[in-house]
Amino acid sequence: MLSRCLSTTPIRRHASTLGPKATDSLWRQAIIRKNDSINAIVHVASEDASEALANGPLQKVAIAVKDNICTKSMPTTCSSAMLKDFRSPYDATVVRLLKEAGADLVGKTNLDEFGMGSLNTYSIHGPVVNPFQLPNEDSSWESREQRSAGGSSGGSAAAVAADMCYAALGTDTGGSIRLPASYCGVTGFKPSYGLISRYGVVSFADSLDCVGVIAKTTKRVRAVAEVIMVPDARDPTSASHALRSNASSHSPRLSATRLDGLRVGVPAEYFPSELATSVITPTRRVLSAFQSLGATIVSVSLPSTPYALSAYYVIACAEASSNLARYDGVEYGLNVTVQRTRSGDTAMRSYAATRTQGFGPEVRKRILLGTYALRADAFDNYFQQALRVRQLVRDDFNKTFRSPDVRFMVSPPAPAADQHGVDIIVHPTAIQPAPLIDDNTKQGLDAYVQDVLTVPASLAGLPALSIRSESSIRDSHEWPIGVTIVGQWGSDDMVLRVGEMVDMSLRS
Amino acid sequence: MVLCLRSCSHGLFSTSRRCFSSVRSHQEDKRWPGWQIIIGIEVHAQIKSRRKLFSVPLTGNLPNTCVSPFDAAFPGTLPRLNVQCVALATRVALALNSNIQSRSTFDRKHYFYPDLPAGYQITQHYSPFAIGGRLVLPTEAAVPVRIKQIQLEQDTAKSIFDPRRRETLIDLNRAGMGLMEIVSEPDMRSPEEAALYVRSLQSLLRAVGASDGNMEQGSLRCDVNVSVNRPGLPPGTRCEIKNLNSVKFMMSALSSEIRRHIDILDSSSSVPQETRGFSEQTFETFKLRSKEDAPDYRYMPDMNLGTLHITETQIQNIRETMPELPDITRSRLQKQYSLHPRDVEILLALDAEKDIPFDGETGGPSSAGAVRYFENICQDHGQGAKEKPRDPKVVLNWIIHELVGQLSARHETFTAQRVPSSWLAELIDMVQGNIITRTSGKSLLRHILHNPSEESPKQLAHKLDLIALRTEDQVSSAGTAPPAGDMDLTAICRASISQMPAEVVAYQAGNVNVLNKIVGHVMKTTRGRANALAVKTVLQAMLDGN
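All values derive from a computational prediction rather than experimental measurement.

Caption draft 1: View of the overall build of chain B. When helices and strands are tallied, chain B shows 17 helices and 17 strands. Within chain B, the proportion of its 546 residues that are buried is 51%. Restricting the contact set of chain B to residue pairs at least 6 apart, pairs at least 24 apart contribute 68%. Working note: accessible area of chain B is about 26,000 Å², and carbon and sulfur atoms make up 52% of it.

So, in structure tokens, the structure goes:
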């Protein structure tokens, strides 16, 4: 039986009381020095408890894990009161793979409760504060401007930005890796749906959830992603070897240093009225980098984009209402006992009390929305309709890309059928830089609008890499903005190689 | 029990289905004259697999030991379809001539209950596993009951209420076990037909090894739908009675419900659509909820499982390795062995008691039932092909009357392992070859059941001095000496005659019946080792010759 004691001490306080030891790695020293001010890490693993194997491609590489990915040796809270004292009886497949590769799993990172949020403010551990500070600010780093790190993988992005780890695992349902990467000025990668195992990843919306990697550069992202992008029999949605190699056989061949022949599409619909002007310049900078590498820039249209956000929220909330039905306090997690009455509905009243107390406001809201969308009389108008829009979004991408989506390919397409098609799509990751944490507007619909540019790739299950648009974050005189590279399903390797070249180009 | 299933070789994918309900004419039932009863049944049968439908649990019999993190709905766990469950459901669909869908999908049915850890049950709401089919009831009229669909779904956990502590205990061992929901069309017209349908389905499930169909242990449960109307008029409002766990209770529930409907209709009111339960104390149904209170299950496709594809080749493979269906076994036994239909029924009933092996396995000793036992003895020629095959009627007699008879006297049930078929064959051969008498054969069988040992019946017959006594002539013609210390039958008869002078005189005076007394004396002396007819012949020869 798991202990159900409710400790009120925030976990992050423990780190500072210890103080850095000489034997600590630089990563761990950064955690000890900076985490109080950022609140990125919610559980620090003790170094001697590291179960990493001696040899492997990631030997002694410090990696932080989002706290909705199950770990046997550390808590898995999902930033929820519901799972405050929960410890998983098993390791997620990605955690096992990282351990087997020799990685040093340094701790668990903060997130929006169950991954629901775009600003990492809905957390039982408190909000994550963006570690970025403009060089021209007078105040000390600790008393810098309190801006959001983005969400829901805000802890992972902030931990990477603050050098607390080499890379961090995040999850992305509608933009939860790309958005915080953009706000924190780091690189965030959401792979194609089905390429990284979801076994042991606490479900928010099964058809959208992806595990991904956040690091400072695309090169680092790739080093970690390559270890975990393998088929897993424990995940029924994991893509087979055959499907993966079929997809990559359709990806364009790239030279080692140039992007000649690569066709880059810029979708008109991704520059909505909500887009801040400060976002345009960084996007142009990245597009120039593409051109200097020999790529061709063309304008494309993805007409279903305006409907994607609404469809996304219907699907994600409907799936969430189903996936979160398991948190009833019976088998594990928070259990609120109620007074027995003669009416005999003790179990139901206990569920209501447990779920009311265990879930935060955003999770409760989404469960209610999702429950409504699945009602027999609303199902056709909401869930079914949203699935139709999702198909339109997929169709848009398939019409735009040169290569086919091999998951839905009936017969091989005629070679070079569409010379007008593009290989990748490039768009700004977010409509604005990181907003202030105490900004009141974040409470309303505006918070959902943060995801408007990221959800189409989620709905279509496509690989999306948000890269830094600045040459160096330290010299930046503006808050960072990410630029996203989207590829056809299964072209992840190509997307990462393109990202690496653009990274290099921006820095040269 | 007669199952008149159409042979699987044809008609499986026939799309033309007659509407049997409209074809059947109304038959007046004396219990409710002027009323027509319409019954449809949903059967939930647990799939006999070591694995659950979507998980591989730890094994254990104690409560909450046969559980995987997935079964307890732990965060992050994902389902993984067990192909063995699909194969077993395919057998059932084939046996019911149901149309197996090349693509079917899984959906989530949501409700909160302590026996449902995930808050939803994975079932097949939108596109079930198999559609159509039929089961013909073993009545003279051979009533066909159409099958609407077969779907795969998860079982729930078991909740046990402790009235003393007023607490509900949850056992997750059953949570996530594979179930087949077999839904019939409303083609039954009486509680008796409903009972026959469930029993026929039960034996079909057992025959194909898909489920042990045990209602007492809850591996087969029924929900019945019943409505009452005037013949010729549209069907009445139906009520569903949930969770009936014995055929007897189902019949009582139906009778009680039919009476209730008739009472309501007689008073010129209308029957409200309801879901009802059945009380095993009062033998009456009671209201669980009305149509208005019907829960909204918020069905949603399960995004993890995707589409279940079944190819024609896979179906063909399962068809070829499938156990024989009861009606085919029945006609084969009658034809091949010229057995009386009544004896075949007894053998099949005995066969139906065998344990159903896990995962449809065949060939294991535990899966051998009475039919295979019988056929082993008939077909195994023991010493070699030169011997003529054993008489099937004699073999069946030994199994049904002697073996099962002695077992039931010992309060044991038949299993193929209790007395190996080769042993019973040897014993029958000894009796048929007059090596031992029938009486000795029976005592030998009793001895084997009472004293389990490695010794074969032949060895035991010698050891226990059961070898039949032979006459002087038989001994000399056989050319072998009788066992040491054994007298021949001629000598024993001679001794008896000399011990019973009064009877000899009476016989010779014409009282023929007194001979039986002398035969009895010989039989007593030989403790059943002599053949009574042979003794009589020897005695007659001796006395008449004098």
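Caption draft 2: Spotlight on empty space enclosed by the protein. For the coordinates displayed, the defined rule picks out nine cavities of 30 Å³ or more. Taken as a whole, the largest cavity spans an internal volume of roughly 160 Å³. Each residue belonging to the lining of the largest cavity can be placed in one class, and the counts come to eight nonpolar, three polar and four charged.

Caption draft 3: The arrangement of the sheet that holds strand E4 (residues 107-110) of chain B in detail. All names here are of chain B. Taking strand neighbours across the sheet as the criterion, the three strands line up as E5-E4-E16 in an open arrangement whose pairing is antiparallel. Every other strand in the sheet has two partners, leaving strand E5 (120-123) and strand E16 (300-301) as the edge strands with one partner each. Two elements, E4 and E5, share four bridges in a ladder whose sense is antiparallel. Bridge pairing in E5 links His110 to Tyr120.

Caption draft 4: Quick peek at the layout of surface pockets. By volume, the second largest pocket amounts to about 1,400 Å³. What lines the second largest pocket is a set of 40 residues, among which Phe408(A), Met303(B), Leu305(B), Gly306(B) and Thr307(B) lie closest to the centre. By residue number, the principal contributor to the lining of the second largest pocket is helix H12 (residues 380-400) of chain A, which donates six residues. For the lining of the second largest pocket, the class distribution of residues is 17 nonpolar, 15 polar and eight charged.

Caption draft 5: Structural view of the side chain of Asp71(B). Residues and elements named next belong to chain B. Within the fold, Asp71 resides in the loop between strand E1 (36-46) and helix H2 (83-95). Residue Asp71 is classed as buried on the basis of its relative accessible area, which comes to 5%. Setting aside chain neighbours within four positions, we find Asp71 in contact with Lys52, Ser55, Pro57, Cys66, Pro117 and Ala175.

Caption draft 6: Representation of the packing of helix H3 (residues 191-207) of chain B against helix H4 (residues 247-266) of chain B within the structure. Residues and elements named next belong to chain B. At a minimum axis distance of 9 Å, the contact between H3 and H4 shows a crossing angle of 155 degrees. The angle between H3 and H4 falls in the class roughly antiparallel. Pair H3 / H4 crosses with right-handed handedness. Across the interface between the two elements, Pro191, Glu192, Ala194, Ala195, Val198 and Arg199 of H3 pack against Val247, Met250, Met251, Leu254, Ser255 and Ile258 of H4. Taken together, the residues of the contact of H3 with H4 break down into nine nonpolar, one polar and two charged.

Caption draft 7: Looking closely at the interface of chain B and chain A. Contact with chain B, which involves 31 residues of that partner, is made by 40 residues of chain A. Summed over both sides, the interface of chain B with chain A buries roughly 3,100 Å², with 60% coming from carbon and sulfur. It is Pro75(B), Phe112(B) and Met303(B) in chain B that bury the most area against chain A; as a group they hold 22% of the surface buried on that side. Summed over the shared surface of chain B and chain A, the number is two salt bridges. At the surface where chain B touches chain A, the tally comes to 20 residue pairs in polar contact (both at pLDDT 80 or more). Of all the secondary structure elements, the ones that give two or more residues to the side of chain B that touches chain A are E4 and E16 of chain B. Tallied by class, the residues present in the side of chain B that touches chain A amount to 19 nonpolar, five polar and seven charged.

Caption draft 8: Examining the UniProt feature "active site" (unreviewed entry) in chain A more closely. All names here are of chain A. In this structure's numbering, the residues bearing the UniProt feature "active site" (unreviewed entry) are Lys66, Ser152 and Ser176. Across 111 residues in sequence, these annotated residues keep their C-alpha atoms within 11.1 Å of one another, forming a single compact spot. Counting through the fold element by element, Lys66 comes out in strand E2 (residues 62-66). Exposure remark for Lys66: the relative accessible area of 0% places this residue in the buried category. Summarising the element assignment, Ser176 is placed in the loop between strand E4 (167-172) and helix H5 (178-184). Classification of Ser176 by relative accessible area gives buried; the value is 6%. Excluding residues within four positions of it along the chain, Ser176 makes contact with Lys66, Gly115, Gly117, Gly151, Ser152, Ser153 and Thr171. Engagement of the side chain of Ser176 in a polar contact is seen with the side chain of Ser152, the distance being 2.9 Å.

Caption draft 9: View of the nonpolar core. Within the largest apolar cluster, 195 residues are counted, with the highest numbers of intra-cluster contacts made by Phe290(A), Ile41(B) and Tyr197(B). With 10 residues, the top contributor of residues to this core is helix H9 (residues 305-323) of chain A. When neighbours within four sequence positions are excluded, Tyr197(B) is seen to be in contact with Ile41(B), Val43(B), Leu135(B), Leu137(B), Val145(B), Ile147(B), Ile182(B), Ser184(B) and Met188(B). Counting residues in hydrophobic clusters, the runner-up holds 41 residues, among them Ala370(B), Trp398(B), Ile399(B) and Leu407(B).

Caption draft 10: Inspection of helix H4 (residues 154-161) of chain A at higher detail. Residues and elements named next belong to chain A. Counting buried positions along H4 yields eight of eight residues, so the element is predominantly enclosed. Residues of H4 that are buried include every one of Gly154, Gly155, Ser156, Ala157, Ala158, Ala159, Val160 and Ala161, and no others. Directly beyond the C-terminal end of H4, a positive phi value near 60 degrees is found at Asp163.

Caption draft 11: Fine view of the confidence of the model for chain B. Residues at a pLDDT of 70 or more form 90% of chain B, whose mean pLDDT is 87. The low-confidence segment residues 1-21 of chain B, where pLDDT is below 50, has 56 contacts with residues more than four positions distant or belonging to other chains.

The rules we used
- Residues numbered from 1 in each chain as written.
- Chains lettered and ligands numbered in written order.
- Predicted model: local features only at pLDDT ≥ 70, side-chain atom pairs only at ≥ 80, totals over all residues.
- Heavy atoms only, no water.
- Helix = DSSP H or I, 4+ residues; strand = E, 2+ residues; numbered from the N terminus.
- Buried < 20%, exposed > 50% of the residue type's maximum accessible area, 1.4 Å probe, protein only.
- Contact = heavy atoms within 4.5 Å.
- Areas by Shrake-Rupley, 256 points an atom, 1.4 Å probe, with all protein chains shown as cover.
- 1 Å grid on protein atoms, 1.4 Å probe; cavity = no way out; pocket = protein on both sides within 12 Å on 5 of 7 lines; lining within 4 Å.
- Points joined across faces, edges and corners; volume = space filled by probe spheres on them.
- Nonpolar A, V, L, I, M, F, W, Y, C, P; charged D, E, K, R; others polar.
- Pairing = 2+ DSSP bridges.
- Axes fitted to C-alpha atoms, helices over the stretch in contact; angles between N-to-C directions.
- Parallel < 35°, antiparallel > 145°, perpendicular 65-115°, else oblique.
- Left-handed = near helix turned anticlockwise from the far one by under 90°.
- Buried area = accessible area lost by both parts, 1.4 Å probe.
- Salt bridge = Lys/Arg side-chain N within 4 Å of Asp/Glu carboxyl O.
- Polar contact = N/O pair within 3.5 Å; in protein donor to acceptor, adjacent residues only side chain to side chain.
- UniProt positions renumbered as here; feature names shortened; annotations may be inferred.
- Core = buried A, V, L, I, M, F, W, Y, C linked by side-chain atoms within 4.5 Å.
- pLDDT = per-residue confidence, 0-100.

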